[in-house]
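# Per-entry structural report
Spelled out from the first residue to the last, the chains are:
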Protein chains: 2
Amino acid sequence: MKLSTRGRYGTRLMLQLAANYGKKTPLPLTEIARREEISVKYLEQLIIPLKAAGLIESRRGAHGGYVLAKDPDEITIGQVLQILEGNISPVPCVKDPSFCIKYETCNTRKLWETMDKAISKSVCEMTLKEALSA
Amino acid sequence: MKLSTRGRYGTRLMLQLAANYGKKTPLPLTEIARREEISVKYLEQLIIPLKAAGLIESRRGAHGGYVLAKDPDEITIGQVLQILEGNISPVPCVKDPSFCIKYETCNTRKLWETMDKAISKSVCEMTLKEALSA
DNA sequence: TATTTATCCTTCCGGTTTAGTAGGAAAAAA
DNA sequence: TTTTTTCCTACTAAACCGGAAGGATAAATA
Ligand code: FES
Ligand code: FES
């Protein structure tokens, strides 16, 4: 039950942008790539859906780069993971009952719901700001 | 970040055995397969590592089947998942620091540790007995 | 205007994992 | 000796993962 590199790298990317929030110049991917030791090419891919979701804004050309579109305390880790990994529930039926045939009589459903809630409460509801200062 | 069918089906399998604990006759896979609507062939595969780990005992031949090797309150969901899915941490470095090059300076490490603990406390430490009565 | 620095856009790919299936051997009970 | 059940070894189609490649477009600067 692993988080993929999309979720992990994407979160690091967002935290870099959060740390840069309020600064005058946007942060280019080349700089983030250097700091995080992740290839620019891969970061480019990860940032597409984050921008599409409205979490990030970009400025092209020299001295361009990316900035958060909102305050770091208005973006949660859960949003970031949802965008990059899709539904983060450890078991799909938690969000989509039709996934399991035996949904009604399943002896493990409550178990997975408990796990899902624990994950949500612990990190999904955490904001970038909180994650930075943690 | 999904649990695979191994972990999900395996847990259901173990809960069936837990419900059968103390009964006179062992529970054959054909019966578990019927109740859970999972193929016998697949259950056979899942039960191998569970038996190897000493959680289960078997009796061959007619009227044979499987029984828990321990009390349902001495087996945790975490043990079952560990056996079937391997390390369950959402991010490997939580258990194996050498996994991440930037371990020292990583801005997300605490985050994943928090998530890992939340998962452990919520369900991994739960026993089969507790899971049954939940 | 030419160059440089960036984002933006599309495509491709090898390797691993997942979710099983298939076929039969061995043992125990009836 | 037939039936039931575990036990054992292979096999595989499809999906997913973790990127790399190659270039187009836009903006700032010299
Ligand atoms: S695992 Fe989905 S309902 Fe049980
Ligand atoms: S993700 Fe492993 S140290 Fe940061």
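Cut-offs applied
Residues numbered from 1 in each chain as written. Chains lettered and ligands numbered in written order. Predicted model: local features only at pLDDT ≥ 70, side-chain atom pairs only at ≥ 80, totals over all residues. Heavy atoms only, no water. Least-squares fit on C-alpha atoms with pLDDT ≥ 70 in both. Contact = heavy atoms within 4.5 Å. Helix = DSSP H or I, 4+ residues; strand = E, 2+ residues; numbered from the N terminus. Phe/Tyr/Trp six-rings, centres within 6.5 Å; stacked < 30°, edge-to-face > 60°. Lys NZ or Arg CZ within 6 Å of the ring centre and 35° of its normal. Buried area = accessible area lost by both parts, 1.4 Å probe. Salt bridge = Lys/Arg side-chain N within 4 Å of Asp/Glu carboxyl O. Polar contact = N/O pair within 3.5 Å; in protein donor to acceptor, adjacent residues only side chain to side chain. Near = heavy atom within 4 Å. Axes fitted to C-alpha atoms, helices over the stretch in contact; angles between N-to-C directions. Parallel < 35°, antiparallel > 145°, perpendicular 65-115°, else oblique. Nonpolar A, V, L, I, M, F, W, Y, C, P; charged D, E, K, R; others polar.

## Some thoughts on the relation of the copies chain A and chain B
By a simple turn and slide, chain A fits onto chain B: the slide is 0.0 Å along the axis, the RMSD is 0.0 Å, and the turn is 180 degrees. The operation mapping one copy onto its partner corresponds to a two-fold rotation axis. Of the interface residues in chain A, 100% have counterparts in chain B that sit at the interface too, so the contact is made through matching surfaces.

## Section: unusual backbone geometry
The phi torsion of most residues other than glycine is negative, and most of the peptide bonds are trans. The phi angle at E37(A) is positive, at roughly 55 degrees, despite the residue not being glycine. Mapped onto the elements, E37(A) comes out in the loop between α2 (29-36) and α3 (40-52). Although it is not a glycine, H63(B) sits at a positive phi angle of roughly 60 degrees.

## Structural notes on the packing of aromatic side chains
Residue and element names in this part refer to chain A. Applying the stated criterion to the full structure yields two aromatic pairs over all chains. Here the aromatic rings of Y9 and Y42 are separated by 5.9 Å at their centres, their planes lie at 80 degrees, and the arrangement is edge-to-face. Taken as a pair, Y9 in helix α1 (residues 5-20) and Y42 in helix α3 lie far apart in primary sequence, 33 residues in all. Taking the ring centre of Y103 as reference, the NZ or CZ of R109 above it sits at 4.3 Å.

## Details of the environment of L3(A)
Tracing the backbone through its elements, the reader meets L3(A) in the segment before α1. Through-space distance from the C-alpha of L3(A) to that of M126(A) is 17 Å; in sequence the pair is 123 residues apart. Apart from residues no more than four positions distant in its own chain, L3(A) is found in contact with R8(A), E85(A), I88(A), M1(B), P90(B), V91(B) and W112(B).

## Here we look at the interface of chain A and chain B
Across the boundary between the two partners, chain A contributes 38 residues, which contact 38 residues of chain B. Carbon and sulfur atoms make up 69% of the surface buried where chain A meets chain B, a total of about 3400 Å² over both sides. The interface formed by chain A and chain B contains zero salt bridges. Applying the counting rule to chain A against chain B returns 10 residue pairs in polar contact (both at pLDDT 80 or more). Of all the elements in the fold, those that place two or more residues in the side of chain A that touches chain B are α1, α2, α4 (77-85) and α5 (109-124) of chain A.

## Observations concerning the protein's contact with DNA strand C
In the vicinity of DNA strand C, 24 residues are found, and the nearest of them are E44(A), K51(A), S58(A), K41(B) and Q45(B). L29(A) has a polar backbone atom sitting 2.8 Å from a phosphate oxygen of DNA strand C. G61(A) is positioned such that a nitrogen or oxygen atom in its backbone is 3.5 Å from a sugar or linking oxygen of DNA strand C. When contributions to the surface near DNA strand C are tallied by element, the ones reaching two or more residues are α2, α3, β1 (56-59) and β2 (65-68) of chain A together with α1 (5-20) and α3 (40-52) of chain B.

## Some remarks on the packing of α1(A) against α3(A)
For any two helices packed against each other, one specifies the crossing angle of their axes together with the interaxial distance. Residue and element names in this part refer to chain A. Direction vectors running N to C along α1 and α3 enclose 80 degrees, while the axes themselves pass 10 Å from each other. Here α3 runs roughly perpendicular to α1, going by the angle between their axes. Contacts between α1 and α3 involve T5, R6, Y9, G10, L13 and M14 from the former and Y42, L43, L46, I47, P49 and L50 from the latter. Classifying every residue of the contact of α1 with α3 by side-chain character gives nine nonpolar, two polar and one charged.

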